[in-house]
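These are the residues of each chain, in order.
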Amino acid sequence: MEKVIIIRYCELHLKGKNRGFFERQFAINMERALKGIKHEIRRQSGRYLIESFDEEDITLILSKLDKVFGIHTLAVGLKVKSDMGEIYSAAKQVCPKSGTFKVETHRADKTFPLNSMQISAQIGGRLLDETENISVDVHAPQNIVYIDVRENGTALVFSQFIKGAGGMPVGSAGKGLLLISGGIDSPVAGHMIAKRGMSIDCVHFHSYPYTNMQAREKVLELAKILSQYTCGTTVHIIKVTHIQEEIHKKCNGEYMVTLLRRFMMRIAERIAQKCSAQCLITGESLGQVASQTIEGMTSSNSVIENLPVLRPLCGFDKNEIIDRSKDIGTYDISIQPYEDCCTVFLPKHPVTKPKMADILAEEAKLDVNALVEEAMGTLEVVKF
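For clarity, every value in this text was computed on a predicted model and none was experimentally measured. For every chain, the first residue of the written sequence is number 1, and numbering continues from 1 along that sequence. Local features are withheld for residues below a pLDDT of 70 in this predicted model, meaning they are given only at 70 or higher, and side-chain atom pairs are given and counted only at 80 or more; totals for whole chains, interfaces and linings count all residues. Side-chain descriptors were evaluated using all non-hydrogen atoms of the structure, hydrogens and water having been removed beforehand.

## Describing the pattern of salt bridges
Side chains bearing opposite charge may pair, as long as their charged atoms lie close to each other.
Next up, step 1: Whenever a carboxyl oxygen of Asp or Glu lies within 4 Å of a side-chain nitrogen of Lys or Arg, that contact is scored as a salt bridge. Scanning the model with the defined rule gives 27 salt bridges in all.
Next up, step 2: A salt bridge links D201 to K175; the shortest N-O distance between them is 3.2 Å. Of this pair, D201 sits in strand β11 (residues 199-206) while K175 is found in strand β10 (residues 175-179), placing the two residues 26 residues apart along the sequence.
Next up, step 3: For D201, a relative accessible area of 8% gives the class buried. The secondary structure listing takes helices from DSSP runs of H or I that are at least 4 residues long and strands from runs of E that are at least 2 residues long, numbered from the N terminus. Only protein chains enter the accessibility calculation, which uses a 1.4 Å probe; a residue is then buried when its area is under 20% of its type maximum, exposed when over 50%, and partly exposed in between.

Rendered as structure tokens:
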């Protein structure tokens, strides 16, 4: 009898001939998450088992696996031989000592002499006879003993499913570049896209000395948390102070945010091409702030030449985004009172429905290419 962690995955079984690719990436990501912890990962049909670990590491292992996309459920259980006596011994260990229960059996091994209903009836009957203070309730039990008879001569016995992170294995859907600020939204956007299997790098724009180094460290801390879900990430840091000063000096102040966003998107596309990212990702939500109107988004998109822009939060309310940021552990850092570059030279009344003719007229006052090149010269890279 051996204690194991049973892992069921999400959509991988739907991938047909490509299933092997997704399963290999899934296994690689689990190994990365458990690096430095004693364990072995073994694949069974439709499942993975974590074995040969120290029992004192169970909580740590579960906390690491909780951030691995592609996991549908986890369960801590017992692995025994496909023998009714051993299955019963394991079931007795996981069975509650009081309350109502039932036994549910899945029999993958069709050569096993008893079918699922017979296994459940026999094991449940013995548990009822030999355990005080429990009773059977097959409709709404307080506890369930699960038995999974596998094809390789073993059975898995456990009593509780733990919900996994869901989604697809990171690395199975290309690579994107996330525009990450110090706010609530962008880390959530990165998390959502990573959940669909995309590797994530980040780009952060700062306005030192108008923003302080604490604002920079705040963003790096957010990226570090995000990297736990994305199997690592690289943060590209760009200074845009000179761009904001030029806009403030030469352009209508109402267009500060709109023009700055266009510069950010140009620079982000340059960085994406350098790091082989296939799209840009932003934390914009339609109508949330002045720059996030459909006109503002159209303006930002118009400077992108080759890449799609993904906005996974576009239809989310702010409260929904906040709830997700709390779930992934970024909220408390995001609300720290250190300003990002978009708050520098912020006009009292920013234009909310900019017209392209007016934007282009304001932008014509600037040497766009020279400002972009100067920004690229400030590039710093931090890896997690």
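## Quick word on helix α5 (residues 185-195)
Next up, step 1: In terms of burial, α5 is largely enclosed, as 10 of its 11 residues are buried.
Next up, step 2: Within the span of α5, buried status applies to D185, S186, P187, V188, A189, G190, H191, M192, I193 and A194.
Next up, step 3: Of the residues trailing α5, G197 is marked for its positive phi of about 100°.

## What to know about unusual backbone geometry
Where the residue is not glycine, phi is negative for most of them; where a peptide bond is considered, it is trans in most cases.
Next up, step 1: The amide bond that connects Y208 to the next residue, P209, takes the cis arrangement and shows omega of 10°.
Next up, step 2: The residue P209 is located in the loop between β11 and α6 (213-230) in this model.
Next up, step 3: At N133, a position not held by glycine, the phi torsion is positive, near 65°.
Next up, step 4: As for its placement among the helices and strands, N133 is situated in the loop between α4 (116-130) and β6 (134-136).
Next up, step 5: When its relative accessible area of 61% is taken as the criterion, N133 is described as exposed.

## Quick notes on the sheet that holds strand β15 (residues 380-383)
Next up, step 1: DSSP calls a pair of strands paired once it identifies at least 2 bridges connecting them. The strand order across the open sheet formed by 6 strands is β14-β13-β10-β11-β12-β15, and the pairing between neighbours is mixed. Looking along the sheet, the strands with just one partner apiece sit at the ends: β14 (309-310) and β15.
Next up, step 2: Relative to β11, β10 is paired through 5 bridges, and the arrangement is parallel. Directly across from L178, in β11, lies its bridge partner C202.
Next up, step 3: Those strands touched by α6 are β10, β11, β12 (234-239) and β15, and its axis lies near 155° from that of β12. Throughout, a residue-residue contact means that at least one pair of heavy atoms, one from each residue, lies within 4.5 Å. Angular values range over 0 to 180 degrees, each being the angle between N-to-C directions of two axes fitted as lines to C-alpha atoms, with helices fitted over their stretch in contact.

## Here we look at the packing of aromatic side chains
Next up, step 1: For Phe, Tyr and Trp, rings pair up if their centres lie within 6.5 Å, where Trp contributes its six-membered ring, and each pair is then called stacked (planes under 30 degrees apart), edge-to-face (over 60) or tilted (otherwise). Applying the stated criterion across every chain yields a total of 8 aromatic pairs.
Next up, step 2: Following the ring pairs from residue to residue traces out a cluster consisting of Y9, F26 and Y48.
Next up, step 3: Counted as over-ring charges are cases with an Arg CZ or a Lys NZ within 6 Å of the ring centre that also lie within 35 degrees of the ring normal. The lysine or arginine in question, K326, covers the ring of Y331, its NZ or CZ lying 4.9 Å from the ring centre.

## Focus on the pairing of β11
Next up, step 1: Within β11, 7 of the 8 residues are buried, which leaves the element mostly enclosed by the surrounding structure.
Next up, step 2: When the strands point away from the viewer, a crossover counts as right-handed if the path from the first strand over the helix to the second runs clockwise. You can see the chain leave β10, run along α5 and come back into β11, and the turn it takes is right-handed.
Next up, step 3: In terms of strand pairing, β11 meets β12 through 5 bridges, oriented parallel. If you follow H206 over to β12, its bridge partner there is K239.
Next up, step 4: Where the polypeptide runs from β11 across α6 and back to β12, its parallel neighbour, the crossover connection is right-handed.

## Regarding a negative patch on the surface
Next up, step 1: What goes into a patch is any residue over 30% in relative accessible area without a salt bridge, connected to like charges within 9 Å or, for nonpolar side chains (Val, Leu, Ile, Met, Phe, Trp, Tyr), within 5 Å. Computed by Shrake-Rupley with a 1.4 Å probe, the accessible areas treat only the displayed protein chains as cover when residues are assessed. Note on charges: Lys and Arg go in the positive column, Asp and Glu in the negative column, and His and the chain ends are not counted at all. Each charge is placed at NZ for Lys, CZ for Arg, CG for Asp and CD for Glu. On the surface, D317, E320, D323 and D327 cluster together to form a negatively charged patch.
Next up, step 2: Here D317 is to be found in the loop between β14 and α10 (318-328).
Next up, step 3: Relative accessible area serves as the criterion here: at 51%, D317 is assigned to the exposed category.

## Focus: the packing of helix α8 (residues 256-274) against helix α13 (residues 368-376)
Next up, step 1: With their axes 10 Å apart at the nearest point, α8 and α13 run at an angle of 55° to one another. Of the possible angle classes, the one that applies to α8 and α13 is oblique. Remark: the crossing between α8 and α13 carries right-handed chirality. Facing α8, whose interface residues are F263, R266, I267, R270, I271 and K274, α13 presents V368, L371, V372, E373, A375 and M376.
Next up, step 2: Any residue outside Ala, Val, Leu, Ile, Met, Phe, Trp, Tyr, Cys, Pro, Asp, Glu, Lys and Arg is labelled polar, Gly included; the first ten of those are nonpolar and the last four are charged. When grouped by side-chain class, the residues that make up the contact of α8 with α13 number 8 nonpolar, no polar and 4 charged. Angles are sorted into four bins: roughly parallel if under 35 degrees, roughly antiparallel if over 145, roughly perpendicular if 65 to 115, and oblique for all others. Note on convention: near helix rotated counterclockwise from far helix by under a right angle means a left-handed crossing. Clockwise means right-handed.

## Description of the side chain of S186
Next up, step 1: Turning to its location among the elements, S186 is positioned in helix α5.
Next up, step 2: Each residue touching S186, except ones within four places of it in the same chain, is listed here: L178, L179, I180, S181 and G283.

## Focus: the nonpolar core
Next up, step 1: Buried Ala, Val, Leu, Ile, Met, Phe, Trp, Tyr and Cys residues form a nonpolar core when they are joined through side-chain atoms within 4.5 Å. With 35 residues, the main nonpolar core has L177, I238, I243, I267 and L280 as its most contacted residues.
Next up, step 2: Mapped onto this core, the elements with two or more residues apiece are β10, β11, α7 (241-250), α8 and α13.
Next up, step 3: Take this core: its biggest share by element is 10 residues, from α8.
Next up, step 4: Each residue touching I267, except ones within four places of it in the same chain, is listed here: F205, I238, V240, I243, V372, A375 and M376.
Next up, step 5: Core analysis: the second largest hydrophobic core is formed by 31 residues, V188, A189, I237 and I333 among them.

## Structural notes on α4
An α-helix turns once per 3.6 residues; consequently, residues spaced three or four apart project the same way.
Next up, step 1: The span one expects for a helix is its residue count, reduced by one, times 1.5 Å. Over its 15 residues, α4 extends 21 Å from the first C-alpha to the last, a length consistent with the 21 Å expected when each residue adds 1.5 Å.
Next up, step 2: Those residues of α4 lying buried are I119, S120, I123, G124 and L127. Projected down its long axis, α4 shows its buried positions confined to an angular sector of 115°, all on one face. For α4, exposure combined with an orientation more than 90 degrees from the buried face picks out M117, A121 and D129.
Next up, step 3: The N-cap of α4, judged by a side-chain oxygen 3.2 Å from the amide nitrogen of M117 a few residues on, is N115. Read the arc as the range of directions from the helix axis to the C-beta atoms. Whenever two N or O atoms come within 3.5 Å, that pair is a polar contact, provided that in protein one can donate a hydrogen and the other can accept it, and provided that, for residues adjacent in sequence, both atoms are side-chain atoms.

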